[in-house]
Amino acid sequence: TGNISVTAWADEAIRWTFNAFLEPGARVVVPRPTFGAFLAAAEAGGAFVERVDHGEDLELSVEDFERALSPRTPRLACLANPNAPTGTAVDSEDILRLAASSPSTLFLVNETFVAFHGRSLLDDEGGARLPSNLLVLRSLSKDYGLAGLRVGYLVGAPEVIAAIDLARPSCTVSAPSLVAAEAALSDGVAMKRRVEAVRV
């Protein structure tokens, strides 16, 4: 469908999102610490990066993050949810509220580890509630055990997905990887067993 783009894992999805929506000097808000690909993509694009520190309890203050969204509106705001390496998560309702409070900012939320902790923004009818400025990234590397095959996907508004697809090369995911991804996605029971085994 027009609201999904299949990518070669999370790093590629992040890089092409930044390429599509950032120009040198644009402002990006990123937590600290967090998934390193956010910062790498921002630096490669010449963006101005503002970091929002996690607290001593490793939780990210939603209020601190919201303050970073004004008065100078960032082009992109990035969250790994749950976050790596802290393992903490921001509530989905808080993320939706942040996106509503800064409608000119594109929010990129990496949910690679969401099966292990937290509630996905896609839980409600496949992301039917997602506002047009919220983009969700998923990867099959961890919960589905396909790390070596490098398959991920982005879910967002059709116009956002179309812009990203224009910025990236076509056919970056191999046919065998797509076949394996389709098989893995058809067996949610096995995925849940794998997640529970890892969590134990």
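Residues numbered from 1 in each chain as written. Predicted model: local features only at pLDDT ≥ 70, side-chain atom pairs only at ≥ 80, totals over all residues. Heavy atoms only, no water.

Colleague: So what exactly am I meant to see when it comes to the overall build of the chain here?
Modeller: A count of helical and extended segments in the chain gives seven helices and seven strands. Walking the chain from its N terminus toward its C terminus, one meets helices and strands in the order β-α-β-α-β-α-β-α-β-β-β-α-α-α. Its C-alpha radius of gyration of 16 Å places the chain within 12% of the 16 Å reference for a compact globule of 200 residues. With the principal axes as the frame, the chain shows a C-alpha extent of 45 × 40 × 30 Å. Within the span of the chain, comprising 200 residues, buried residues form 46% of the whole. Sequence separation of 24 or more characterises 70% of the internal contacts of the chain that already satisfy a separation of 6 or more. With the model as given, the accessible surface of the chain reaches about 9500 Å², and the carbon-plus-sulfur share is 55%. Side chains of the chain carry 18 positive and 25 negative charges; the gap between the two charge centres is 3 Å. (Helix = DSSP H or I, 4+ residues; strand = E, 2+ residues; numbered from the N terminus. Rg over C-alpha atoms; globule rule 2.2 N^0.38 Å. Buried < 20%, exposed > 50% of the residue type's maximum accessible area, 1.4 Å probe, protein only. Contact = heavy atoms within 4.5 Å. Areas by Shrake-Rupley, 256 points an atom, 1.4 Å probe, with all protein chains shown as cover. Lys, Arg positive; Asp, Glu negative; His and termini not counted. Charge placed at Lys NZ, Arg CZ, Asp CG, Glu CD.)

Colleague: Got a minute to help me understand the pairing of strand β1 (residues 4-7) in this structure?
Modeller: Side chains S5 and T7 of β1 all project onto a buried face; the interleaved residues I4 and V6 project onto a face where none is buried. For β1 and strand β7 (residues 152-155), the ladder comprises four bridges, and the chain directions are antiparallel. Residue pairing across strands places S5 opposite L154, the latter belonging to β7. (Pairing = 2+ DSSP bridges.)

Colleague: It is not clear to me how unusual backbone geometry should be interpreted in this structure. Could you clarify?
Modeller: Among all residues save glycine, negative phi is the norm, and among peptide bonds the norm is trans. A cis geometry characterises the amide bond from R32 onward to P33, with omega recorded as -5°. Locating P33 in the fold gives a position in the loop between β2 (27-32) and α2 (36-44). With phi around 55°, R150 is a residue other than glycine that occupies positive phi space. Tracing the backbone shows R150 in the loop between β6 (134-139) and β7. A residue is classified by how much of its surface remains accessible, and R150, at 34% relative accessible area, is partly exposed.

Colleague: Hey, could you run me through the sheet that holds β1 in this one?
Modeller: Through backbone hydrogen bonds, the strands of a sheet pair up, either in parallel or in antiparallel fashion. One open sheet accounts for seven strands, arranged β1-β7-β6-β5-β4-β2-β3; its pairing is mixed. Only two strands of the sheet have a single neighbouring strand rather than two, namely β1 and β3 (48-53). Neighbouring strand axes in the sheet, compared pairwise and without regard to direction, differ in orientation by 20° on average. As paired strands, β6 and β7 are joined by four bridges and run antiparallel to one another. Of the residues in β7, the one forming a bridge with S139 is G152. (Axes fitted to C-alpha atoms, helices over the stretch in contact; angles between N-to-C directions.)

Colleague: What is the right way to read the pattern of salt bridges from this model?
Modeller: As a working rule, side chains carrying opposite charge can pair if their charged atoms are close by. Counting across every chain of the model gives nine salt bridges. In this structure, R27 and E50 form a salt bridge, with 2.3 Å as the shortest nitrogen-oxygen distance. With R27 in strand β2 and E50 in strand β3, the pair connects residues that are 23 residues apart, well separated along the chain. In this structure R27 comes out as buried when scored by relative accessible area, which is 9%. One salt bridge in this structure joins D165 and R168, with 3.2 Å as the shortest N-O distance. You can call R168 buried: its relative accessible area is 15%. Residues participating in the shared-partner salt-bridge network are E66, D94 and R97. (Salt bridge = Lys/Arg side-chain N within 4 Å of Asp/Glu carboxyl O.)

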